[in-house]
Amino acid sequence: MHKIFVVAKMVFKKRVLSPTYYWMILAPILLIVIGIGFTKYIDNQNSDHKAIIAVVADKNIQEALKKQKASTYKVNSKINTHNKNKLKIDLADGVVDGIIYINNDFSKVDYKYNASTDSSDPTNELKKNITLLKSQYMASNAGLSENQWQNIIKDVKVRKENVNYDGNTVKLNNSESAQYFSEFAVIIAFFFLTSYISITGAEIGNEKGNHLIEGLTAAIPADKHYAGKMIGIFYLIGFQLIIYSVLGGLGYLILKNMHKQFIDLNKYLSGISAQYIIVVVMLTVVSLALYIFLAAIFASFVSKVEDISQATSSVASLMLIPYFLSFLTQSNPNLAISKILSYVPYMSQGLMPVRIARGAATYRDGYISLLISIVCVIIMYLFSAKVYKNNVFSYSSETPVRAILKRVTK
Amino acid sequence: MLKIDNVSKSFSNVLAVKNLSFEVKRGEVVGVVGQNGAGKSTTFKMILNFLSPDAGEITINSKKLKNDFLDNIGYLPEERGLYLDMTIKQQVLYFAQLHNYSKTKASKELSYWLERLAVKGTERTLIKNLSKGNQQKVQLITTLIHKPKIVILDEPFSGLDPVNISLLIKIVKQLKKEGTAVIFSSHNMNNVTEVSDKILMLVNGEQKLYGPVNQVRSKFEKNKVYLEGIFNTLSPSNFSGILNQKDDFPGKVLTFNSEENARKAIKKAKAEPSLTGYRLLEPTLDDIFRRIIKEEAMKNA
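As recorded in an unreviewed UniProt entry, chain B goes by ATP-binding cassette domain-containing protein and comes from Limosilactobacillus rudii.

Chain A is annotated in an unreviewed UniProt entry as ABC transporter permease from Limosilactobacillus rudii. Listed under Subcellular location (unreviewed entry) in UniProt, the entry text for chain A is "Cell membrane".

Below, the structure is given as structure tokens:
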């Protein structure tokens, strides 16, 4: 046992002391921070650059439009809208960014704008606000009071309740948030897997490719060496999760009073049950193990160092399938392919959480899928260890994929 | 200590090793010679339990081979391989720990080994910054650091310059003195002769010769004669049965087609006053090796 942990410690230490490992850990966080920052910057730019518009319409309409709240435009009432030529010149010179023409019964609304303006596009907001004005105008013509008009335009509230096929109700207060959480988990798993598949390939393939393996297996049997490698890789995953937890905790402490400025976390996290989080996290972790063992199988057939990336790219391609299927399942969680694949190891981590969030599957289904994946993990570990042991001294001029196909078709 | 008893191994109907039997005792050095593909590396892999023999048995101290014995074996593979991004110390300590040897002890002994093998580098030197020869020496240190009872060296002399070859021979002799059983393979017969107690010759997976070096040599005809002096009245062509002659300053070495003709040449040389030196030469391992290969080739033809 001691030798296994010597190997595991070496795998862990080698990576943890490497600057590229920390870049791998921080890259997704940086990506998210840059993404949020960039979005905020664009939003700010848009809010700072409201379009200045002139309104050519009846005076009442002008005043009403000016009074309405708008984030993308501002009405300039000082512009002389009666002199059409002057207006055109003002538009061309950038005194106004756009001119909106509204006739008295709102049957014709034209918006002319300067294409070179750097202000935000107010069209959607103008459309919404003018539609409101129109409805108010028509209500007034129909003899309706202000209150009656308000009642007409008020949104209808729809309460949703999921009922699955066996009659048990799965209550999810915020199904949309649960779906976002499952998508977030799929994306995080994807980032993890692309890194760790590559690490696994390197750990398994390098020693054979560099002829170290004979010296190593003279000291430690191949199956124990493999066990040590896998434990070392899971140490690294655990370490990365600890770093994320610490950063997440620090981030929460720093941002807890400020977070609403950036993103309303409560809006997204409220209503997601602990049980849902457990199912999603467990399925994700188990799928990580499955893909890592699969990458190890492919890497076991590597004879040259330069073939490692080819071996692991095959696994990376397989990984994309559940990633894309999860988006498909969002729109229709009851597709036959989604139903079946939500129980299939390697695919279930992308599909079952979405199906549970949409109420198309229960937590019981989730646990069954998890159990199937756990059994598959055990089988895959034993199988991958055997493949590694049987191929540790076999060198071939063929690529790893060809070597595997040859073995399978033999 | 190590006993290989009637061991055979095939790969896809190709016989790699057939009915191999030999023994290596404590403090004994066995040199294994053979052409490429003769079965030397396969034999070593079976001793290391990388491969299981199809027939026969391998035992260490009369016990069947198990993975537990790996801690008592040091192996230097033919294909050299080191972690290039590790330092010498990291590399050596890692392999020491894998052999269940104390990290502290290995750390203390490392400086001795670096000096002993004249490695040009310190404990903190990265492996990739060492020359090929020095890398080989570091790999030898990883083989020996845990004080194994059995040492297997597959082509240890390849790639080494004459100075380092001498150094390695000294190490092997020292190991022998300390009671370590050593098996090594080499294509250089001089090295094998110099350091081995026994020789094992493999040809096409079969054991052709085995035994103490002198005993093996004595089984073969002494068909070479060394002559020294002035060849004016008696030239090498005057001897019957001569196959070839070679200058070996200050004299010549004559090869005959039989020991009988070689002895006749010695008699003739004794009677010749211009020849001041003459002796019958023991066949070298090189000669024996070539002879056996030739015989095998003729047999197969």
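What follows picks up the thread again.
Asks: Any chance you could break down the overall build of chain B for me, citing the residues and the numbers?
Replies: Looking only at helices and strands, chain B features 9 helices and 14 strands. Viewed in the frame of its principal axes, chain B has a C-alpha envelope of about 70 × 45 × 30 Å. Counting the 301 residues in chain B, one finds 53% classified as buried. Only carbon and sulfur atoms are counted for the fraction: they give 47% of the accessible area of chain B, which is about 14,600 Å².

Asks: Please set out the UniProt feature "domain: ABC transporter" (unreviewed entry) in chain B residue by residue, giving values where relevant.
Replies: As recorded in UniProt, the sites labelled "domain: ABC transporter" (unreviewed entry) are residues 2-229 of chain B. The distance from the first to the last C-alpha atom of residues 2-229 of chain B is 49 Å, and the span holds 33% helix and 30% strand.

Asks: Explain the interface of chain B and chain A to me, using residue names and the numbers behind them.
Replies: The interface is formed by 21 residues belonging to chain B together with 19 residues belonging to chain A. The contact between chain B and chain A buries some 2,000 Å² in all, and 65% of this surface belongs to carbon and sulfur atoms. Of all residues in chain B, Phe50(B), Tyr94(B) and Leu98(B) bury the most surface against chain A, accounting for 29% of the area lost on that side. Close ionic contact of Asp71(B) with Lys3(A) constitutes a salt bridge, the shortest N to O distance being 2.5 Å. On inspection of chain B and its partner chain A, the count reaches 5 residue pairs in polar contact (both at pLDDT 80 or more).

Asks: An account of the pairing of strand S8 (residues 181-185) of chain B is needed here, citing residue identities and associated values.
Replies: Residues and elements named next belong to chain B. Taken across its 5 residues, S8 has 5 buried, putting it largely inside the fold. Side chains of S8 alternate between two faces, with Ala181, Ile183 and Ser185 and Val182 and Phe184 buried alike. In this structure, strand S3 (residues 29-34) lies alongside S8, joined through 4 bridges in parallel fashion. Looking across to S8, one finds that Gly31 is bridged to Phe184. Judged from the 5 bridges that link them, strand S7 (residues 150-154) and S8 form a sheet pairing that is parallel.

Asks: Run through the UniProt feature "transmembrane region" (unreviewed entry) in chain A, naming residues and quoting values.
Replies: Residue and element names in this part refer to chain A. Listed under "transmembrane region" (unreviewed entry) in the UniProt record, and renumbered for this structure, are residues 20-42, 180-199, 233-255, 276-302, 308-328 and 367-384. Within residues 20-42, the helical portion is 100% and the strand portion 0%, while the C-alpha atoms at the span's ends are 31 Å from each other. Secondary structure within residues 367-384 divides into 100% helix and 0% strand; the distance between the first and last C-alpha atoms comes to 25 Å.

Asks: Please give an account of the sheet that holds strand S14 (residues 275-281) of chain B that cites residues and values.
Replies: All names here are of chain B. Across the sheet, which stays open at both edges, the 4 strands sit in the order S12-S13-S11-S14 with antiparallel pairing between neighbours. Every interior strand has two partners, whereas the edge strands, strand S12 (242-248) and S14, have only one. For this sheet, the mean angle separating the axes of adjacent strands, direction not counted, is 20 degrees. Of the pairings in the sheet, the one linking S12 to strand S13 (residues 251-256) comprises 6 bridges and is antiparallel in character. Pairing of Ile242 across the sheet is with Phe256, part of S13.

Asks: Break down the pattern of salt bridges for me, with residues and values.
Replies: Pairing is possible between side chains of opposite charge, provided their charged atoms come close. Here the structure, examined in full by the defined rule, presents 22 salt bridges over all chains. Its salt-bridge partner being Glu206(B), residue Lys208(B) comes within 4.0 Å of it at the nearest N-O pair. A residue is classified by how much of its surface remains accessible, and Glu206(B), at 32% relative accessible area, is partly exposed. Three or more residues are tied together by salt bridges with common partners; here these are Lys14(A), Arg15(A), Glu203(A), Glu207(A) and Lys229(A).

Asks: Explain the nonpolar core to me, and be specific about the residues and the numbers.
Replies: Core analysis: the biggest nonpolar cluster contains 77 residues, and Tyr196(A), Tyr276(A) and Tyr94(B) have the highest contact counts within it. Take this core: its biggest share by element is 17 residues, from helix H12 (residues 274-300) of chain A. Discounting chain neighbours no more than four positions away, the residues touching Tyr94(B) are Val6(A), Val7(A), Met10(A), Leu216(A), His225(A), Tyr83(B) and Met86(B). With 50 residues, the next largest nonpolar core counts Leu93(B), Ile127(B), Leu140(B) and Phe289(B) among its residues.

Asks: Could you give me a rundown of a positive patch on the surface, with the residues and numbers involved?
Replies: All names here are of chain A. A cluster of basic residues, Lys50, Lys66, Lys74 and Lys78, forms a positive patch at the surface. Relative to the assigned elements, Lys74 resides in strand S2 (residues 73-75). Exposure remark for Lys74: the relative accessible area of 53% places this residue in the exposed category.

Asks: Could you give an account of the sheet that holds strand S1 (residues 51-56) of chain A, with specific residues and numbers?
Replies: Residue and element names in this part refer to chain A. The 4 strands are arranged S2-S1-S3-S4 in an open sheet whose pairing can be described as mixed. Edge strands, defined here as strands with exactly one partner in the open sheet, are S2 and strand S4 (109-113). Adjacent strand axes in the sheet meet at a mean angle of 30 degrees when their direction is disregarded. When strand S3 (residues 98-102) meets S4, the two strands line up antiparallel, connected through 5 bridges. Directly across from Ile99, in S4, lies its bridge partner Lys112. Each of S1, S3 and S4 is contacted by helix H4 (residues 84-93), which is oriented at about 140 degrees to S3, the strand it contacts most.

Asks: So what's going on with the domain arrangement of chain A? Residues and values would help.
Replies: Put simply, an interface is often sized by how much accessible area is lost when its parts join up. With domains assigned, chain A is organised as domain 1 (2-36 + 171-409) and domain 2 (49-152). With centres defined by C-alpha atoms, the gap from domain 1 of chain A to domain 2 of chain A works out at 54 Å.

Asks: Hey, could you go over helix H3 (residues 103-116) of chain B for me, with residue numbers and the actual values?
Replies: Residues and elements named next belong to chain B. Here H3 is 14 residues long and its end C-alpha atoms lie 20 Å apart, about the 20 Å a rise of 1.5 Å per residue gives. Glu109 marks the point of greatest bend in H3, at about 35 degrees. Those residues of H3 that fall on the buried side of the exposure criterion are Ala106, Glu109, Leu110, Trp113 and Leu114. If you follow the buried residues of H3, they end up packed against helix H2 (88-98), helix H4 (132-144) and helix H5 (162-177). Between a side-chain oxygen at the N-terminus of H3 and the backbone nitrogen of Thr104 the separation is 3.2 Å; the capping residue is Ser102. Looking one or two places after H3, you find Ala118, whose phi comes out positive at around 50 degrees.

Thresholds, definitions, all that
- Residues numbered from 1 in each chain as written.
- Chains lettered and ligands numbered in written order.
- Predicted model: local features only at pLDDT ≥ 70, side-chain atom pairs only at ≥ 80, totals over all residues.
- Heavy atoms only, no water.
- UniProt positions renumbered as here; feature names shortened; annotations may be inferred.
- Helix = DSSP H or I, 4+ residues; strand = E, 2+ residues; numbered from the N terminus.
- Buried < 20%, exposed > 50% of the residue type's maximum accessible area, 1.4 Å probe, protein only.
- Areas by Shrake-Rupley, 256 points an atom, 1.4 Å probe, with all protein chains shown as cover.
- Contact = heavy atoms within 4.5 Å.
- Buried area = accessible area lost by both parts, 1.4 Å probe.
- Salt bridge = Lys/Arg side-chain N within 4 Å of Asp/Glu carboxyl O.
- Polar contact = N/O pair within 3.5 Å; in protein donor to acceptor, adjacent residues only side chain to side chain.
- Pairing = 2+ DSSP bridges.
- Axes fitted to C-alpha atoms, helices over the stretch in contact; angles between N-to-C directions.
- Core = buried A, V, L, I, M, F, W, Y, C linked by side-chain atoms within 4.5 Å.
- Patch = residues over 30% accessible without salt bridge, like charges linked within 9 Å, V, L, I, M, F, W, Y side chains within 5 Å.
- Lys, Arg positive; Asp, Glu negative; His and termini not counted.
- Charge placed at Lys NZ, Arg CZ, Asp CG, Glu CD.
- Domains from an automatic or database assignment.
- Expected span 1.5 Å × (residues − 1).
- Bend = angle between axes of the 7 residues up to and from the residue.

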